[in-house]
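Below are the chains, spelled out letter by letter.
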Amino acid sequence: MKSIEGVAAGLVGLLAPPRCFLCGVPLMRLWPLCPDCEQDLPRWTGSVCLVCGRSVEEGIDLCRDCAVEGRPYAAARTLGPYAGGWRPLIQALKYEGERALARPLGRNLAALLSPARAREFPKSHELDLVTCVPADPKRLRERGYHAAELLARQVARWLELPFRQLLRKPRSTPPQVGRPWKERLTALEGAFQARRAGRGESILLVDDVITSGATVAEAARTLLRDGYGQVWVVACAQAGGDDGY
């Protein structure tokens, strides 16, 4: 027999159906976003750098920085700018405990590897593992979960690939917001460690937001140094302007 609490919870669900996180419209299914809001999320529509994925002028293959300096990862892609609906979604997932938002965000990230949208990316069956940028130990203790891991697990599920925690971050690092690229690289140097040696596996590395690119670059460099193969990067959004990558 169902408990009184269980029956009451069911009645509440009937009387107060789930609502879209962004617009508040009642939903007919257990999904955090309505189709309209998900469709309206800002996407990159023009040309992007073939390496870092930053928006560039039409007809240009590489951004200024990637043309001068190589990246340790094969290529990085984001869904759109850190603006519009992406910002409240990512902030709610990362800081406010809205873990259910990892489902639609993860599905959208997995779609970046569809043949129609990922000309420079391998097909999912050509990848071996999905992993994430590791959690900062201090922030993990404060929040109790890691947004990038939630996203990576969803991406792995949609792509039908195994997820593995390949990296760890043994020490906390100071916040990187507002720091120049060179300072970010210096602060993150040696910040990550591989949990085990690789055997040439091709890796999809997942993060929530790319700002300067220093974090994913150091994570990719660590994986390569410890025996893994090519590293491809996806993140929900890209923040910052010309002082980014």
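As a reminder, the structure under discussion sits directly above these lines.
Calculation notes
- Residues numbered from 1 in each chain as written.
- Predicted model: local features only at pLDDT ≥ 70, side-chain atom pairs only at ≥ 80, totals over all residues.
- Heavy atoms only, no water.
- Core = buried A, V, L, I, M, F, W, Y, C linked by side-chain atoms within 4.5 Å.
- Buried < 20%, exposed > 50% of the residue type's maximum accessible area, 1.4 Å probe, protein only.
- Helix = DSSP H or I, 4+ residues; strand = E, 2+ residues; numbered from the N terminus.
- Contact = heavy atoms within 4.5 Å.
- Phe/Tyr/Trp six-rings, centres within 6.5 Å; stacked < 30°, edge-to-face > 60°.
- Lys NZ or Arg CZ within 6 Å of the ring centre and 35° of its normal.
- Axes fitted to C-alpha atoms, helices over the stretch in contact; angles between N-to-C directions.
- Parallel < 35°, antiparallel > 145°, perpendicular 65-115°, else oblique.
- Left-handed = near helix turned anticlockwise from the far one by under 90°.
- Nonpolar A, V, L, I, M, F, W, Y, C, P; charged D, E, K, R; others polar.
- Pairing = 2+ DSSP bridges.
- Disulfide = S-S within 2.5 Å.
- Salt bridge = Lys/Arg side-chain N within 4 Å of Asp/Glu carboxyl O.

A few words on the nonpolar core. Ranked by size, the top nonpolar core spans 43 residues in total, and within it L109 and L204 carry the most contacts. Taken together, the elements giving at least two residues each to this core come down to β1 (75-81), α4 (86-95), α5 (102-111), β2 (129-132), α7 (147-159), β5 (203-210) and β6 (231-238). Looking at this core element by element, the count peaks at seven residues for α7. Those residues in contact with L109 that sit more than four places away from it in its chain are L79, L151, V155, V206, V234, A235 and C236.

Within this structure, the stated rule accounts for one aromatic pair. Judged by centre distance (5.3 Å) and plane angle (50°), the ring pair of F121 and W232 falls under tilted. Taken together, the residues F121 in the loop between α5 and β2 and W232 in strand β6 connect sequence positions 111 residues apart. For the pair F121 and W232, a shared accessibility class is recorded, and that class is buried. Sitting over the ring of Y82, R87 keeps its end group 4.4 Å from the ring centre.

Take the packing of α4 against α5 next. Running from N to C, α4 and α5 cross one another at 120°; their axes reach a closest spacing of 10 Å. The orientation of α4 with respect to α5, classified from their angle, is oblique. Here α4 and α5 pass one another in a crossing that is left-handed. On α5, the residues that touch W86, L89 and L93 of α4 are A102, L105 and N108. A breakdown of the residues in the contact of α4 with α5 according to their chemical character gives five nonpolar, one polar and no charged.

Turning next to unusual backbone geometry. Excluding glycine, most residues fall at negative phi; most peptide bonds, likewise, are trans. One non-glycine residue, E160, adopts positive backbone phi at about 60°. The residue E160 is located in the loop between α7 and β3 (167-168) in this model. Classification of E160 as exposed rests on a relative accessible area of 73%.

The four strands lie next to each other as β1-β6-β5-β2, forming an open sheet whose pairing is parallel. With partners counted over all chains shown, the strands left at the sheet margins are β1 and β2, one partner each. Strand-to-strand twist across the sheet, computed as the mean angle between neighbouring axes with direction ignored, equals 20°. Both β5 and β6 contribute to a ladder of seven bridges, which runs parallel. Among the inter-strand pairings, I210 is bridged to a residue of β6, identified as Q238. Each of β1, β5 and β6 touches α5; the most contacted strand, β6, lies at about 130° to it.

Right, let's get into the pairing of β6. Regular strands show a simple pattern: their side chains alternate between the two faces of the sheet. Counting buried residues in β6 gives eight out of eight residues, a clear majority hidden from the surface. Pairing of β1 with β6, which is carried by six bridges, proceeds in the parallel orientation. Looking at β6, one finds that P81 is bridged to Q238.

We now examine the state of the cysteines. Tallying each qualifying case throughout the model produces zero disulfides. Just so you know, C49 is unpaired, no disulfide at all, and the nearest cysteine sulfur is the one on C52, 3.8 Å from it. A residue is classified by how much of its surface remains accessible, and C49, at 0% relative accessible area, is buried. Sulfur of C52: no disulfide; nearest cysteine sulfur belongs to C63 and is 3.7 Å away.

A complete count under the given rule lists ten salt bridges for this structure. Of the charged contacts in the structure, one is a salt bridge between D65 and R54, with a shortest N-O distance of 3.1 Å. On the criterion of sequence distance, the pair formed by D65 in helix α3 (residues 64-68) and R54 in the loop between α2 (35-40) and α3 is long-range, its members being eleven residues apart. Where E201 meets R196, a salt bridge forms, and the shortest distance between an N and an O atom there is 3.9 Å. Here E201 falls in the buried class, since its relative accessible area comes to 15%. Look at R196 and you get partly exposed, because its relative accessible area is 39%. Among the charged side chains, a network of salt bridges with common partners joins R54, R64 and D65.

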